[in-house]
Every structure is written in structure tokens, then in C-alpha cells.
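Survey of secondary and tertiary structure
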Amino acid sequence: MVLAQDLRDAVLQAALQGKLTKQLETDSSVDELLIKIKENKTDIDKKELLVKKGAELFEIPKTWKWVYLGSIADIKGGKRVPVGKSLVDNNTGHKYIRVADMQNGTININSIKYITDDVYELIKNYYIKKEDIYITVAGTIGRVGIVPPELDGANLTENADKIIFSNLNKQWFLITLSSNTLQVQIRNLTKKVGQPKLALKRIKELLIPLPPIEEQQRIVDRVNELMERIDEYEKVEKELIALEQKFPDDMKNALLQAAMQGKLTEQFDSDSSVDEMLETIKEEKKQLIKEKMIKKEKALPPIDEDDIPFEIPGNWRWVRLAKIGEIIGGGTPKTTESAYWNNGSIPWITPADMNGCGMFIGKGNKSITKEGLANSSAQLIPKDSVVISSRAPIGYISIAENELSTSQGCKTFSAYCKTKVLSKYIYFVIIYSTSDLIKRATGTTFKEISAKGVGETIIPLPPIEEQQRIVEKLEQLLLLCETL
């Protein structure tokens, strides 16, 4: 893709080579223009007007001349605020222009600072006029622009110089100084002693291709015309880049949506019954309660027709997460108790540990001891459980590749019957359901989804065989999205 800035650079380069405009016999002589310029120069060190033969940077029209910047303009420096003195926000009548104010070829008047009367008396001779062009010589070196009328006579920072000229087109001058031809010279001439700075005498050595005054205006008109078109192109370019950057995520979301609707895989008559599967899970849950492996919880709210977001295949069922698995909270052992942390062997996971870890997680930055686990609300999470960050932020999701524990910033889904519910399927289901989790979260300082809220999440449940087919298809296609 051709970038808009590349086009701008190409236009300015073509302008400096005389390739954007016609050279007319009726144009006035550059030699005569140079005589007028020299007569109006006030710089005591009047540099030779023409560049010596062989020093030219590229070929220009015969009616043009290569000149030094110092031969067609006077360059004067600014002045720093004296040590011990400061800029002020209140309007003293004495504006002071900093490099930070110099933006987009002009000066941001909304950020202007002022100097007091006593400082003004010390530096009042270092000012810039509305006819002048500024050039930054420290910090961001080579930034150029025009002083707006409302800042006429403002004092100028020592980190910028003013370029004073006559008998030249101001806009042409600005175009030339902004071009890569001049900017590359500036970078090459920048003196690097401590902080890089462009010396005033070096600015005078910049090489300028000078056209007749009439062609200067034609260049300005043509460049402005082309820049308007490039601005329009840039809008389209930015939209395309945004779409390109967004496309993989949009594709992932579309694939997950299709998977959850049963549109990514085939449904087979030979698949097992989800109703029978749910009965098996129900019995397994009863047994776990009887053995006091889990606690009996309140009945889940029924799933109403209004709760169902889309249609699913006839052999699937809508269920709440807590119907098919336990939702486990986390906790943090007392941090001041070394016995809970030192030489810990139980991985302890926080949302920060989950950031960017991928599908699986086995350890975090910290581990806790068995004593720490026993003396906190942290719980031992079985292998293959699905861990969800439930705050700061909501939506990091990973599968436990071994036993571990989590902080209270995580909630974990552990299937009651692992032979009937695949962890990877639940992993993808919860990724798809993240926006729903966030929508149902509560809190003022930060949003958090409770264990109850996670458990009430409604998901589509296909037969175990189709869960496997969905997982295989998603792993294949989502990997493809990563290369887009």
C-alpha cells in the first residue's frame, strides 16, 4: 500500500526538481532576483549567492539556480529565559514561543506562555515577526512553519531560529524547507555534542534550488492542489488500514458465532443425546454433593425464550454454565505471612498472569504453600478447568494444564463430568460469551463478574462428538486468522 506521507514526500521532491510546473520564457530572471535579495539582506556575513559547480544535489531546470540558504535569507536565533526566571500562564502582554508550541506548520496559540516585564527587558531583542519562518534547532530539529499574525513580535525560544527573507514567496519557502531534500541536509548537518543541536552557521549552508518568483507561485498552487487530493486519499487509506487491522478479529468473532450456532460443523444422527448427557451430569453432580466434594447450591433460574439469543440445531440444548460444572472462586493468602508463600508449590494465578498466556496456563509469577491454601479462600483447581479473569479486566481465558489456585480476580469452571464436556469447547464458548459477561458485571471502581454471574451464563451445548468437531474446526481456522 502506498502511504499518503510517501506521496507527499514525492510531490515535494518533484516540486524541488521543477517537475510539477512548466518553465516559461516570460518568467523573470533568477539572477536579477538574487541581486534584489542581496540588496535587502542585513546579515553582515553575506554568503556567496551561488553554489559552486559540482556541489549541486540533483539536476534542476536551466532557469533555476542552486543557492545557499544563508545567501537568500537572514537567520537569527532566539533567547532562553534567564536562569532563575520562569514562564507564566497569565497574560503579561509578552508572549513567548516554545518548540512545544510549534506544530503543523504554524504555532498553537492555545498553549502560549508569557514572560514577565523584567524578563522581557532582558530578551526583548529576540523576537519573531509574522513575515518570518521559524525552524527548530533543538529537540525536534528541522520543524518549520509560519508565525500567525496574532503572535507577531513574540519572543522566541533559544531552541528555534527565525528565517528573515524578502522578494521570495513565503509558501514556496515553507514547501522547500519541509521537503526531504532540506530535511536530510538538516539531519546531516546537526551537530551532536551532548544534546543534538543545529548550529546557526550550518543552517546557512543548506542548499536550495531557487526558481523564478513566478514559478514559485505556480509550485505553491500545484502542490496545494495535489496535497488536497492526497488528504482525501489519506482518509481512504486510514479506513483501509483500520479495516485491515480489524479484519482478523472480525473473522475470529464470525467463526465463533458460526461455531456456537452449529454452522461450522455437521450434525450427525449417530451423535449421542444431549438430554441423556445432561442426566448423566445431573447424577454425577448429586454424587459429588453426597460425597461433600461440592456444596449444594440454589436452583438456577430457568432459561426463558427471551433469554435465547439465536437458534441452535435441534439436537443441541441451551444450558447455564453452573448446570454442567462447578464455578470456583479464588483468594489471596495473607501476604505478610511468609509461611503461606515461601517455597510454595501450588501455582497461584492472577489476571496479570493470564494476559497473553494463550489457551493454557500452568503457573504464574507466584506460588503458595499448602498452608496458604488452607488458610485463605483460594482453592485447588483441577487440571483441565477453564480459568476466567473476572475483574481488571474481565475476559482473559485459559485452561489449567495442571492443578493450581487463583486470586479472587479469577473464577474457574470445572466440569462435573469431564467425559461429557470438553474443556476446549467451554474455552471457546466463554471467549464468545465475554461480551455478555462484561455486560452483566457490576461495580463502580472497576467492573467484576461474580461466581453467580459466571454460573448463570447461558451457553449452547452440543453432543460430545460435535463438541470435538467444533474444537478441531476452530483450532484450524483461528490459527489461519493469525496469519491474516
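A brief structural summary. Small disclaimer: the values here were computed from a predicted structure and weren't measured.

Rules used in this analysis
- Residues numbered from 1 in each chain as written.
- Predicted model: local features only at pLDDT ≥ 70, side-chain atom pairs only at ≥ 80, totals over all residues.
- Heavy atoms only, no water.
- Helix = DSSP H or I, 4+ residues; strand = E, 2+ residues; numbered from the N terminus.
- Buried < 20%, exposed > 50% of the residue type's maximum accessible area, 1.4 Å probe, protein only.
- Contact = heavy atoms within 4.5 Å.
- Core = buried A, V, L, I, M, F, W, Y, C linked by side-chain atoms within 4.5 Å.
- 1 Å grid on protein atoms, 1.4 Å probe; cavity = no way out; pocket = protein on both sides within 12 Å on 5 of 7 lines; lining within 4 Å.
- Points joined across faces, edges and corners; volume = space filled by probe spheres on them.
- Nonpolar A, V, L, I, M, F, W, Y, C, P; charged D, E, K, R; others polar.
- Pairing = 2+ DSSP bridges.
- Axes fitted to C-alpha atoms, helices over the stretch in contact; angles between N-to-C directions.
- Phe/Tyr/Trp six-rings, centres within 6.5 Å; stacked < 30°, edge-to-face > 60°.
- Lys NZ or Arg CZ within 6 Å of the ring centre and 35° of its normal.
- Polar contact = N/O pair within 3.5 Å; in protein donor to acceptor, adjacent residues only side chain to side chain.
- Salt bridge = Lys/Arg side-chain N within 4 Å of Asp/Glu carboxyl O.

1. Some points on the overall build of the protein
- For the protein, the helix and strand inventory stands at 15 helices and 24 strands.
- For the protein, the spread of C-alpha atoms along the three principal axes comes to 105 × 55 × 40 Å.
- The buried share of the protein, reckoned over its 484 residues, is 44%.
- Of the contacts made within the protein by residues no fewer than 6 positions apart, 75% connect residues no fewer than 24 positions apart.

2. Observations regarding the side chain of Thr 406
- As for its placement among the helices and strands, Thr 406 is situated in strand E22 (residues 405-406).
- The class of Thr 406 is buried, set by a relative accessible area of 0%.
- When residues no more than four places from it in sequence are discounted, the contact partners of Thr 406 are Gly 329, Gly 330, Gly 331, Trp 348, Ile 349, Ala 378, Gln 379, Ile 381, Val 387 and Thr 412.

3. A few points about the environment of Val 274
- Its place among the elements puts Val 274 in helix H9 (residues 274-290).
- Take Val 274: its relative accessible area is 2%, and that puts it in the buried class.
- Linking Val 274 and Thr 406, residues 132 residues apart in sequence, is a C-alpha distance of 31 Å.
- The contacts of Val 274, once residues within four sequence positions are left out, are Asn 315, Trp 316, Arg 317, Leu 461, Pro 462 and Pro 463.

4. Some words on the nonpolar core
- Core analysis: the biggest nonpolar cluster contains 51 residues, and Ile 324, Phe 413, Ile 426 and Leu 474 have the highest contact counts within it.
- Broken down by element, this core gets its largest block of residues, seven residues, from helix H13 (residues 423-440).
- Listed in part, the 47 residues of the second largest apolar core include Leu 12, Val 137, Leu 182 and Ile 203.

5. Side note on the layout of surface pockets
- Here the largest pocket defines a volume of roughly 630 Å³.
- Around the largest pocket, the lining is made up of 25 residues, and of these Arg 8, Leu 12, Asn 104, Gly 105 and Ser 178 lie nearest the centre.
- No other element matches helix H8 (residues 213-260), which puts six residues into the lining of the largest pocket.
- Among the residues forming the lining of the largest pocket, the class breakdown is eight nonpolar, 11 polar and six charged.

6. Details of the sheet that holds strand E9 (residues 144-146)
- Taken together, four strands build an open sheet; the order of strands is E2-E11-E8-E9 and the sheet is antiparallel. The open sheet terminates on both sides in strands that have one partner only, identified here as strand E2 (74-77) and E9. Strand-to-strand twist across the sheet, computed as the mean angle between neighbouring axes with direction ignored, equals 30°.
- Note: E2 against strand E11 (residues 160-164), four bridges, orientation antiparallel.

7. Concerning the packing of aromatic side chains
- One pass over the structure, following the stated rule, counts seven aromatic pairs.
- Ring geometry for Phe 310 and Tyr 432: centres 6.2 Å apart, planes at 75°, overall edge-to-face. Here Phe 310, found in the loop between H9 and strand E15 (317-320), pairs with Tyr 432, found in helix H13; they are 122 residues apart in sequence, far enough to count as distant.
- Among the aromatic residues, ring-to-ring pairing joins Phe 165, Trp 172 and Phe 173 into one connected group.
- A cation over an aromatic ring shows up here: Lys 162 above the ring of Tyr 127, its NZ or CZ 4.3 Å from the ring centre.

8. Brief notes about the sheet that holds E22
- Taking strand neighbours across the sheet as the criterion, the three strands line up as E19-E17-E22 in an open arrangement whose pairing is mixed. On the outer flanks of this sheet lie strand E19 (366-368) and E22, each paired with one strand and no other.
- Bridging between strand E17 (residues 346-349) and E22 involves two bridges; their strand directions are parallel. Bridging across to E22, Trp 348 finds its partner in Ser 405.

9. Here we look at helix H6 (residues 180-189)
- Looking only at H6, the buried set comprises Thr 181, Leu 182, Gln 183, Gln 185 and Ile 186.
- Check the buried side of H6 and you find it contacts helix H1 (4-16), strand E8 (133-136), helix H5 (170-178) and strand E14 (207-210).

10. Comments concerning H5
- Restricting attention to buried positions, one finds in H5 the residues Trp 172, Phe 173, Leu 174, Ile 175, Thr 176 and Leu 177.
- Of the residues flanking the start of H5, the one acting as N-cap is Asn 169, its side-chain oxygen 3.0 Å from the backbone nitrogen of Gln 171.

11. Describing the pattern of salt bridges
- What the rule picks out here adds up to 24 salt bridges.
- Between Asp 275 and Arg 317 there is a salt bridge whose closest N-O contact spans 2.9 Å. A residue pair is termed long-range when its members are at least 10 positions apart, and Asp 275 in helix H9 and Arg 317 in strand E15 qualify at 42 residues.
- On the basis of relative accessible area, Asp 275 is assigned to the partly exposed category, the value being 38%.
- With a relative accessible area of 30%, Arg 317 lands in the partly exposed category.
- One network of salt bridges, with partners in common, ties together Arg 8, Asp 231 and Glu 234.

Treat this as a map of the structure, not an account of what it does.
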